[in-house]
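Remarks on the overall topology
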Amino acid sequence: MKKLLSLIIFFAVNISIGQDFSGIIESYLQQNQEQLQLEKHDIADVSISSQSFSKSLNAYNIYVDQNYRGIKVYNSVSSFAVKNNQVVSAALSFAQDISSKVNSTTPSISATAAIAKATSKLGVSSPTGLNLLETVSDYSYIFNDGNISLENIPVELVYQSMNEGKTLKLAWDLSIYLLDGSHYYSVRVDALTGDLLQVHDWVYSCDFGEGPHSHAETESVLFSNAGESVYAIANNATPKYRVFPLPLIGPNEGSDQLVTDPSDPTASPYGWHDTDGMVGHEYTSTRGNNVLAKDDLAGNNYSGSQAEGGAEMLFDFDFGLPQHPANFTNGAITHLFYMNNVLHDIFYLYGFDEASGNFQQNNYGRGGNAGDYVIADAQDGGGMNNANFAVGTDGVNGRMQMYLWSSPGQVLGTYLTVNDGPLEGAYYANTAQFSDLPEIPVTADLALLSTNDDTYLGCDSAVNASELNGKIAVVRRGDCAFVDKTLNAQEAGAVGLIIVNNESADPIVMGGDEPNINIPAILVYQRDGEDIISALLDGQTINATMVDDGSGTDTNQRDGDLDNAIVAHEYGHGVSIRLTGGRFNPGCLRNDEQMGEGWSDYFALALTMKPGDRGEDVRGMGTYSQGQGVGGTGIRSKPYSTDFAVNNFTYNSIKTQWVPHGVGSVWATMLWDLTWAFVDEYGFDPDVYEGEGGNNMALQLVMDGLKLQPCSPGFVDGRDAILEADEIANGGANKCLIWHAFARRGLGFSATQGNTNSKTDGVQAFDVPEDCALGVGSQDSINNKFVVYPNPSNGELNIHSRFDVQEAEITIFDMNGRKVFGQEVELHQAANVDASGLNPGIYMVQIEGGGFSQTTKLIIK
């Protein structure tokens, strides 16, 4: 634990690895004091809180506390990046002119009295058996839990900023984690009067309401050992887990799979069931170094069992959907264990490692504080329609609580199955009021219903009835009633009808009344249906089955444990909180304009991207839990999409959005645009672990931006941190791309954020720096007509068009302008090109078709 000394620019460094950067920071502050608008006494007593090395930035991230006469100024932690012994980034949160603002240096009430005052004001039971465990310094103490907290109670003397920074009041800073896990209160108590100055809750609750919203312990206290088995440490069986694996959004996007040991060797070098750092599993249950997953059906945090894999480490529990979640509790626990571990491993590779404050029981000597694995409660009985994540300082367990959800009525079902070929699989669809789905499967080849206008809308009698007889017909939605399309298919001899939605949202229940219809009709997603149409136009034979498989039955209960977006969102809180301000400052994301909910939504979106996705697609948060398909609106006021017709959020939108979820959704919208700008420029790589695509690049910059931004950031701070990350890591190669993406949503060059404790005083702007206004790199790549992926590639390319081009010319040039490849393709929104004969290097690929021409950088590896 660090000790604070009142010396001129003295740094008592609390680190486990790396060098001492005190002199470098000292020199920077002294040389830039006037520019930073700081007085000498503002930087006369500062201390390094924590530091870590960022591989992606090739720089050290240094987090520095500001003190006055040995007493810390609460949430004044500032972020510095040091590269080649130079400060290359500084995001300051230091208070200015401290000496004129402090009210005292001596408390009138004791630390013990402060705990009593806090419990009284919070309505918490008075502590019993309260004892001082450790005196950390003259101003910092650790008390036991007093039988009121799941954690020991730390108490430290600090200065609390009041009246928008005009005054600094001497206060006792303490935290109490309620025994039921519902709240983890971080409190500042006036050290002179005992008044409650500020209360934050470190339990981040993420329900779907649009109203305003404002955790670890030893195992003997937090949970019993029920359901936990420990086999000999020589157990080297390979674990297997039945889950809905990433990048699936959840059961509404695909089927469960039995996956074999997906642990990453870098992030989890001894696997997911290790805790001692030696070969062999310590646990055969859903417990390990990164997470302990169990049920909490009673909602009391104490009882509950883990899922058991036995000596064979086989976690194969049938979900049997649709059925009530009570029938697959072990499956839910397994899935929650899988997701927390996968998220741990992915974020580790993007810089959320031990020294940065991640969640692990054993840090394997790689820095940071250990003993803080995530405790994940599945099917928590303490609530409904919600989920939360509690985050304390590094070394304190995170706790994730996942609840059941009440799905609202009609839900989609897997009523269509393609039986063979590239499109093989189950597809979600909705039903029709005028026809019933058969309980006995209808299996037949698919055929397009053609009319004189060849738009495949099916609004007139078919001109290819002979081709439709005994087939399942396919048409597009639009221009006429659903019943008219169905009758035209039936009269042509079709045994069923698939209607392709004409928008990216969820398929609706098709209305209409026609007693003469006797064939089944379903409405499928636009993306799925257009893929089927393209394949049929290419001459492929597609055999499919239509049947009421029971998957659309509404149990009125959805399990949030299976909603990968919600689980990723919750874990994302742990990432953004530990990285903003460093691992010892969990209070840095409590201001009104902070974007914590936005980063969490963004992580959920980024980790569920798949080949073939498009930026303009409708992406809702929590669609499975809401009983929706993947194109549903979800739990936010607007779904995510780069299409302004779907989501027109700009920076000004935060003024009318709720804190924190609404404000966060505007930030996530901007990050989503940014990601698609990178994908359009560099392609998509489905390998989220080691990929080199635009999606990987964007995620890395967002993660690095978290480390570089100041405590209590606003939107401009977040934008600038991402720009700085690109400058440090890539020499600013993507500066203009980043500026255009943010400017598109009103966070341009001239935008101002005002006070980050207010969401109403910012000013939006849509401009970019002058050097980005013209020339290469100035184009808004979100509006590109064509996408080439993967990029980098081995030469086997996919060309995606945002419209039906029909004929297109693909030409590839080397960096000397010489044509090295050419091919004509039929581009009905998608085409494949084999340029694998090209040598590794950088090329330019030109796509011409449909009256458009576009040139894109291509990397062959």
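See the structure shown above.
Below is a short write-up of the structure. (Residues numbered from 1 in each chain as written. Predicted model: local features only at pLDDT ≥ 70, side-chain atom pairs only at ≥ 80, totals over all residues. Heavy atoms only, no water.)

**Quick notes on the overall build of the protein chain**
Under the convention used in this document: Every helix listed is a DSSP run of H or I at least four residues long, and every strand listed is a run of E at least two residues long, numbered separately from the N terminus. Every radius of gyration here is taken over C-alpha atoms, with the globule rule written as 2.2 Å times N^0.38, N being the number of residues. The buried label applies to any residue whose accessible area, calculated with a 1.4 Å probe on protein chains only, is under 20% of its type's maximum; exposed applies above 50%, and partly exposed to all values in between. The accessible surface values rely on the Shrake-Rupley method and a 1.4 Å probe; as for residues, cover is taken only from the protein chains in view. In this tally, Asp and Glu contribute negative charge and Lys and Arg positive charge; neither His nor the terminal groups of the chain are included. Where a charge lies is defined by one atom per residue type: Lys uses NZ, Arg uses CZ, Asp uses CG and Glu uses CD.
Of the regular secondary structure elements, the protein chain holds 14 helices and 33 strands. Here the C-alpha atoms of the protein chain give a radius of gyration of 29 Å, agreeing with the 29 Å that 2.2 N^0.38 yields for 861 residues. In terms of its C-alpha atoms, the protein chain occupies a principal-axis envelope of roughly 95 × 65 × 55 Å. Expressed as a percentage of the 861 residues in the protein chain, the buried residues total 62%. Of the roughly 30,800 Å² of accessible surface on the protein chain, 47% is carried by carbon and sulfur atoms. Computed over 46 positive and 106 negative side-chain charges, the separation of the two mean positions in the protein chain equals 8 Å.

**A few points about the sheet that holds strand β25 (residues 496–500)**
Counted only if it meets this: Two strands are said to pair when DSSP picks up at least two bridges between them. Note on geometry: axes are lines fitted to C-alpha atoms, helical ones only across the stretch in contact, with angles between N-to-C directions running from 0 to 180 degrees. Contacts are residue-level and defined by heavy atoms, with any inter-residue pair within 4.5 Å sufficient.
Taken together, the 7 strands give a closed barrel; going around it, the order is β21-β22-β26-β25-β24-β23-β27, and neighbouring strands pair in mixed fashion. The sheet shows a mean angle of 40° between the axes of neighbouring strands, direction not considered. Relative to strand β26 (residues 521–524), strand β22 (residues 425–430) is paired through 2 bridges, and the arrangement is antiparallel. Bridged to Asn430 within β26 is Leu523. Its contacts with the sheet place helix α6 (residues 482–491) against β24 (472–476), β25 and β26, and it is angled at close to 140° to β25.

**A closer look at the packing of helix α9 (residues 596–606) against helix α11 (residues 694–708)**
Worth spelling out the cut-off: Orientation labels follow simple angle bins: below 35 degrees gives roughly parallel, above 145 gives roughly antiparallel, 65 to 115 gives roughly perpendicular, and whatever is left gives oblique. Crossings are sorted by hand: turned counterclockwise from the far helix by less than a right angle, the near helix makes the crossing left-handed, and turned clockwise it makes it right-handed. Think of it as three bins: nonpolar holds Ala, Val, Leu, Ile, Met, Phe, Trp, Tyr, Cys and Pro, charged holds Asp, Glu, Lys and Arg, and polar takes everything else, Gly as well.
Look at α9 against α11: their axes get within 12 Å of each other, and the N-to-C directions meet at 155°. When the axes of α9 and α11 are compared, the pair comes out roughly antiparallel. Our pair here, α9 against α11, has a crossing hand that is left-handed. Across the interface between the two elements, Trp599, Tyr602 and Phe603 of α9 pack against Ala698, Leu699, Val702, Met703 and Leu706 of α11. Taken together, the residues that form the contact of α9 with α11 break down as 8 nonpolar, no polar and no charged.

**Looking at the pairing of β25**
Put simply, side chains in a regular strand alternate between the two faces of the sheet. Among the 5 residues of β25, 5 are classified as buried, and the element is accordingly described as predominantly covered. Burial of the side chains of β25 extends over both faces: Gly496, Ile498 and Val500 are buried on one face and Leu497 and Ile499 on the other. Inspection of the sheet shows β24 paired to β25 by 5 bridges, in the parallel sense. Bridging from a neighbouring strand, Arg476 pairs with Val500 of β25.

**Here we look at helix α12 (residues 715–730)**
So the rule is basically this: To estimate the expected span of a helix, count its residues, drop one, and scale the result by 1.5 Å.
A rise of 1.5 Å per residue sets the reference length of α12, with its 16 residues, at 22 Å; its end C-alpha atoms lie 22 Å apart and thus fit the reference within 8%. For α12, the complete set of buried residues consists of Phe715, Val716, Asp717, Gly718, Arg719, Ala721, Ile722, Leu723, Ala725, Asp726 and Ile728. The elements touched by buried residues of α12 are β2 (59–68), β4 (78–83), β5 (86–91), α10 (661–682), α11 and α13 (735–743). Positive backbone phi, at 70°, marks Gly731, one or two positions downstream of α12.

**Focus on the sheet that holds strand β13 (residues 240–243)**
The sheet built from 3 strands is open, its strands ordered β14-β13-β16 with mixed pairing. Taken across any chain shown, the strands that pair with only one partner, and hence form the sheet edges, are β14 (257–260) and β16 (314–315). In this sheet, β14 lies alongside β13 in antiparallel orientation, the contact comprising 4 bridges. Along β14, the bridge assignment pairs Val243 with Gln257. Set on the sheet, helix α4 (residues 329–349) makes contact with β13, β14 and β16; between it and β13 the angle comes to about 105°.

**Some thoughts on the packing of aromatic side chains**
Rule in force here: Stacked, tilted and edge-to-face are the three classes assigned to paired rings of Phe, Tyr and Trp, where Trp is represented by its six-membered ring and a pair needs centres within 6.5 Å; plane angles under 30 degrees give stacked, over 60 edge-to-face, the rest tilted. Two conditions define a charge located above a ring, namely a distance within 6 Å from the ring centre to NZ of Lys or CZ of Arg, and an angle within 35 degrees of the ring normal.
Considering all chains together, one arrives at 29 aromatic pairs under this definition. Ring geometry for Phe244 and Phe319: centres 5.0 Å apart, planes at 45°, overall tilted. Here the residue Phe244 occupies a position in the loop between β13 and β14, and Phe319 occupies one in the loop between β16 and α4, the gap between them amounting to 75 residues. The residues Phe244 and Phe319 share a single accessibility class, namely buried. Every member of this aromatic cluster is reached through a ring pair, and the members are Phe347, Phe352, Phe359, Phe389, Tyr571, Tyr602 and Phe603. The residue whose ring lies beneath Arg188 is Tyr74, and the NZ or CZ to ring-centre distance is 3.9 Å. Of note, Arg745 hangs over the ring of Phe644, and the distance from its end group to the ring centre comes to 4.0 Å.

**Observations concerning the pattern of salt bridges**
Test applied: A pair is scored as a salt bridge if a Lys or Arg side-chain nitrogen falls within 4 Å of a carboxyl oxygen belonging to Asp or Glu.
Evaluation of the coordinates by the stated rule reveals 21 salt bridges. A salt bridge links Lys610 to Glu253; the shortest N-O distance between them is 3.1 Å. Taken together, the positions of Lys610 in the loop between α9 and α10 and Glu253 in the loop between β13 and β14 put the pair 357 residues apart, joining distant regions of the chain. According to the relative accessible area criterion, Glu253 is buried, its value standing at 19%. A salt bridge links Arg366 to Glu354; the shortest N-O distance between them is 2.9 Å. On the criterion of sequence distance, the pair formed by Arg366 in the loop between α4 and β17 (374–378) and Glu354 in the loop between α4 and β17 is long-range, its members being 12 residues apart. Relative accessible area serves as the criterion here: at 28%, Arg366 is assigned to the partly exposed category. Taking the relative accessible area as the measure of exposure, Glu354 reaches 1% and is therefore buried. Taken together, the shared-partner salt bridges connect Asp372, Asp394, Arg578 and Arg583 into one network.

**Structural notes on the nonpolar core**
As a reminder of what qualifies: In these notes, a set of buried Ala, Val, Leu, Ile, Met, Phe, Trp, Tyr and Cys residues joined through side-chain atoms within 4.5 Å is what counts as a nonpolar core.
Core analysis: the biggest nonpolar cluster contains 104 residues, and Phe603, Trp667, Met703 and Phe715 have the highest contact counts within it. In terms of residue count, the dominant contributor to this core is α10 (13 residues). Other than its neighbours up to four places away in sequence, Trp667 contacts Met595, Gly598, Trp599, Phe715, Gly718, Arg719, Ile722, Phe742 and Leu747. With 29 residues, the next largest nonpolar core counts Phe143, Ile148, Ile176 and Ala191 among its residues.

**A word on the environment of Tyr185**
Mapped onto the elements of the fold, Tyr185 is located in strand β10 (residues 184–190). In contact with Tyr185, not counting residues within four places along its chain, are Leu122, Leu174, Ser175, Ile176, Leu178, Val199 and His200.

**Focus on the side chain of Gln306**
The cut-off we apply is this: The term polar contact refers here to a pair of N or O atoms within 3.5 Å; inside protein, the definition further demands a hydrogen-donor-capable atom paired with an acceptor-capable atom, and it admits residues adjacent in sequence only when both atoms are side-chain atoms.
Mapped onto the elements, Gln306 comes out in the loop between β15 (291–295) and β16. A polar contact of 2.6 Å, which involves the side chain of Gln306, links it to the side chain of Ser285.

**Re the side chain of Ser76**
With respect to the helices and strands, the residue Ser76 is situated in the loop between β3 (71–73) and β4. Residue Ser76 is classed as buried on the basis of its relative accessible area, which comes to 1%. Among the polar contacts made by the side chain of Ser76, one reaches the main-chain amide nitrogen of Gln66 at a distance of 3.4 Å.

**Digging into the state of the cysteines**
To keep it simple, the criterion reads: Pairs of cysteine sulfur atoms within 2.5 Å are identified as disulfides in what follows.
Following the criterion strictly, the structure yields 3 disulfides and no others. Between the sulfur atoms of Cys588 and its disulfide mate Cys711 the distance is 2.1 Å. Residues Cys588 and Cys711 are joined through a disulfide that is left-handed, its torsion about the S-S bond being -105°. Placement of Cys588 in the loop between α8 (564–579) and α9 and of Cys711 in the loop between α11 and α12 is noted, with a sequence separation of 123 residues between them. In this model Cys736 forms its disulfide with Cys772; the gap between the sulfur atoms is 2.1 Å. Classification of the bridge connecting Cys736 and Cys772 rests on its S-S torsion, roughly -80°, and on that basis the disulfide is left-handed. Here the residue Cys736 occupies a position in helix α13, and Cys772 occupies one in helix α14 (residues 770–773), the gap between them amounting to 36 residues. Side by side, Cys736 and Cys772 carry an identical accessibility label, which is buried. Of note for the protein chain: the bonded cysteines, numbered N- to C-terminal, pair according to 1-2, 3-4, 5-6.

**Looking at the layout of surface pockets**
For clarity, the cut-off: In this analysis, the protein atoms alone were mapped onto a 1 Å grid. Cavities are point sets where a 1.4 Å probe fits without being able to get out; pockets are open sets with protein on both sides within 12 Å along at least five of seven lines; lining residues have an atom within 4 Å of a point. Grid points are joined across faces, edges and corners, and a volume is the space filled by probe spheres set on the points.
Put simply, the second largest pocket is a space of about 1,200 Å³. Lining the second largest pocket are 35 residues, with Leu423, Tyr427, Arg527, Asp531 and Pro611 positioned closest to its centre. Within the residue set of the lining of the second largest pocket, elements represented by two or more residues are β22, α7 (526–537), β30 (796–814) and β31 (819–834). Among the residues forming the lining of the second largest pocket, the class breakdown is 13 nonpolar, 11 polar and 11 charged.

Interpretation note: all reported values are geometric properties and have no functional meaning in isolation.
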